[in-house]
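The residues making up each chain are set out below.
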Amino acid sequence: MFLQTLITGLSIGGIYALMAVGYSLVFSVLNFSNFAHGAVIMLGAYVGLALATKLNFGFGLVLAGSVAGAGIIAVLNEKLAYSSLRRRKAPSLYLMISAMGCAVFLENLVYATIGSRFYAFPEFFGRQVVTIFGSSVSLLDVGAFIFALIAILGLHLFINRTRTGTAIRAGVCDMTMCSLMGVDLNRLIAIVFLLAGAFAGVAGVFLGIKYLVYPTMGWVTNKAYIAAVIGGLGSLPGALAGGLILGVVETFVSTYISSVLRDVFSFTLLIAFLVWRPNGLMGIDSEEKV
Amino acid sequence: MNALLVEDLNVHYGTIHAVQGVSFSVNEGEIVSIVGSNGAGKSTIMWTLAGVVPPSGGRVLIKGNPLPSKPHEIVARGLALVPERRRLFSALTVRENLIMGAYRRRDEESVKAEMERCFQLFPILRERLGQRSGTLSGGEQQMLAISRAIMSDPKILLLDEPTLGLAPLIVEAVMNTIIRIRDEGVTVLMVEQNATQALEISDRGYILEAGLFVKTGPGPELAMDPEIRRAYLGG
């Protein structure tokens, strides 16, 4: 029971981490909370659902299609809703308000065109289980956890080992100076949104398979914000750690205390971190020598 | 030939007319200094030339061609800025800062050669390669800021207050390095608030007051001019 709960928690935590990574990446570069990230996750899930149900694609192609679709949607979202504000050097509050507007617009667009019905993905994994230390756990849970780890490790390597990744980290420090190094900021920001969208696509598919696909499913990104704060805004390893901690805590609370109290614990954790450790577990150390 | 030609440059911040129709030129291989008190508009000119602050009027030519509007396009045309207070990427290491300086360059070998050139100018940077730049001393940070700009292989180097807050010995080292960079073929435009040493090493100087040039001439002559010394150079 304990191990099953732990694996389920890690699986949910892995999905939270995938969402938190995208959210955290955009926050660290543009310094605003992209509340439209949840809507991109939701649209990514719908793209995956369409590929799975209309075109009968297998899991791999559904995932790839959702990654591409959500990535493109995220880039379009930036170009249409944020780039003109950026060019005019608008305060981040304006970007945040624009993001909220986008979230509401995209949700209602889905309501108006696809409807409010709940849809289920085909059962890619059936009810397959794997046995770990004598406990039976769902293949989907193990797969989601491992995939999240690999994806975030890949992103971590990209950010730390490539020229574009170095430019993203430089942009986090000082966007203006980054442009004075010869970096095309519009292109760099498009790459950041593409990456965030790609992760949103993966999260959308796993969320859709684990639960259902519906227009307000993106609101689960509230948990990604909590995970990002726990881990430290702007830190990718932090987003992973925050997501996993939150997923495990929630699952244990649901299993051993009460599922009604699950969100109470999550938001209490958020408040506790904001009060006692606002930089999170691995927040970016911006300390400089005077 | 003019490496840089600025004609009737105007810059506004809202209703504030920060730069009021200044015109100047920098010839290839020259060091030119713009000197003036705090708030005279010196840094605004530099940020405008780098493409960060848009001009409200006037014309800027780099080697006879109009200045592009975006900073990354300006860097591609061979202009690099070392800003006031360095503005290094503090969370990145010294090596990563240097690599960012060479962002537009694709040839790994020439980037390595350029890094060696920086180590010739500032040997201490080789020892600090893996250190986070935010933890360097002020002098080392300035050395890194200049090196980062050099990594782009600029034809024109803009230096905004390169000696601000540095100890006298470091100031002298920075000034000697600027001469060396010029001798290697890079045109230098520098703005300085405390300007005696800047004018002494400059081929020409311009005195800026409230957004307007009030005097120009050979750098060493301006440095010795009693009126200018009294007004701008602290006696």
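Please refer to the structure higher up on the page.
These notes cover the structure that comes with them. (Residues numbered from 1 in each chain as written. Chains lettered and ligands numbered in written order. Predicted model: local features only at pLDDT ≥ 70, side-chain atom pairs only at ≥ 80, totals over all residues. Heavy atoms only, no water.)

Another aspect to go through is the overall build of chain B. Scanning chain B from N- to C-terminus turns up 10 helices and 10 strands. On C-alpha atoms alone, chain B measures out to a radius of gyration of 17 Å, which is about the 18 Å that the 2.2 N^0.38 rule sets for 235 residues. Along the three orthogonal principal directions, the C-alpha set of chain B runs to about 45 × 40 × 35 Å. Residue burial in chain B is summarised as follows: out of 235 residues, 56% are buried. In chain B, of all internal contacts separated by at least 6 residues, the share reaching a separation of at least 24 is 67%. Accessible area for chain B stands at about 9700 Å²; split by element, carbon and sulfur atoms hold 50% of it. Here chain B contributes 25 positively and 27 negatively charged side chains, and the mean placements of these two sets differ by 5 Å. (Helix = DSSP H or I, 4+ residues; strand = E, 2+ residues; numbered from the N terminus. Rg over C-alpha atoms; globule rule 2.2 N^0.38 Å. Buried < 20%, exposed > 50% of the residue type's maximum accessible area, 1.4 Å probe, protein only. Contact = heavy atoms within 4.5 Å. Areas by Shrake-Rupley, 256 points an atom, 1.4 Å probe, with all protein chains shown as cover. Lys, Arg positive; Asp, Glu negative; His and termini not counted. Charge placed at Lys NZ, Arg CZ, Asp CG, Glu CD.)

Attention now moves to the pattern of salt bridges. Residues and elements named next belong to chain B. Under the criterion given, the structure shown has 20 salt bridges over all chains. For Asp203, the salt bridge goes to Arg182, with nearest N and O atoms at 3.1 Å. Note that Asp203 is positioned in the loop between helix H8 (196-200) and strand E9 (204-209) and Arg182 in helix H7 (residues 168-183), a separation of 21 residues in sequence. With relative accessibility at 32%, the residue Asp203 sits in the partly exposed group. For Lys215, the salt bridge is made with Asp225, and the minimal N-O distance between the two is 3.0 Å. Placement of Lys215 in strand E10 (residues 212-218) and of Asp225 in the loop between helix H9 (219-224) and helix H10 (226-232) is noted, with a sequence separation of 10 residues between them. (Salt bridge = Lys/Arg side-chain N within 4 Å of Asp/Glu carboxyl O.)

Here we come to the sheet that holds strand E5 (residues 65-66) of chain B. All names here are of chain B. Strand order across the open sheet formed by 4 strands is E2-E1-E4-E5, with antiparallel pairing between neighbours. Each having just a single partner strand, strand E2 (16-27) and E5 make up the two edges of the open sheet. Sheet analysis places strand E1 (residues 2-13) next to E2, joined by 9 bridges and oriented antiparallel. Note on E2: the bridge partner recorded for Tyr13 is Ile16. (Pairing = 2+ DSSP bridges.)

For the rest of this paragraph, the subject is the interface of chain B and chain A. Between chain B and chain A, the contact holds 25 residues from the first and 22 residues from the second. Taken over both partners, the interface formed by chain B and chain A buries close to 2300 Å², and the fraction arising from carbon and sulfur atoms is 60%. Here chain B is connected to chain A by 2 salt bridges. The shortest N-O distance in the salt bridge between Arg87 of chain B and Asp174 of chain A comes to 2.9 Å. Joining chain B to chain A, the criterion identifies 4 residue pairs in polar contact (both at pLDDT 80 or more). (Buried area = accessible area lost by both parts, 1.4 Å probe. Polar contact = N/O pair within 3.5 Å; in protein donor to acceptor, adjacent residues only side chain to side chain.)

With that settled, consider the environment of Ser259 of chain A. Residue and element names in this part refer to chain A. By the element assignment, Ser259 lies in the loop between helix H10 (236-257) and helix H11 (262-276). For the pair formed by Ser259 and Ile41, sequence separation is 218 residues and the distance between their alpha carbons is 24 Å. Those residues in contact with Ser259 that lie beyond four places of it in its chain are Val253 and Ser254.

So, on to a positive patch on the surface. A cluster of basic side chains, namely Lys79, Arg87 and Arg88 of chain A together with Lys70 of chain B, defines a positive patch on the protein surface. Structurally, Arg88 of chain A can be placed in the loop between helix H3 (59-87) and helix H4 (92-113). (Patch = residues over 30% accessible without salt bridge, like charges linked within 9 Å, V, L, I, M, F, W, Y side chains within 5 Å.)

Let us now look at a nonpolar patch on the surface. All names here are of chain A. Where nonpolar side chains cluster on the molecular surface, the patch consists of Met1, Phe2, Tyr256, Ile257, Leu261, Val264 and Phe265 and spans about 710 Å² of accessible area. Mapped by element, the contributors of at least two residues to the nonpolar patch are H10 and H11. Within the secondary structure layout, Phe2 lies in helix H1 (residues 2-30).

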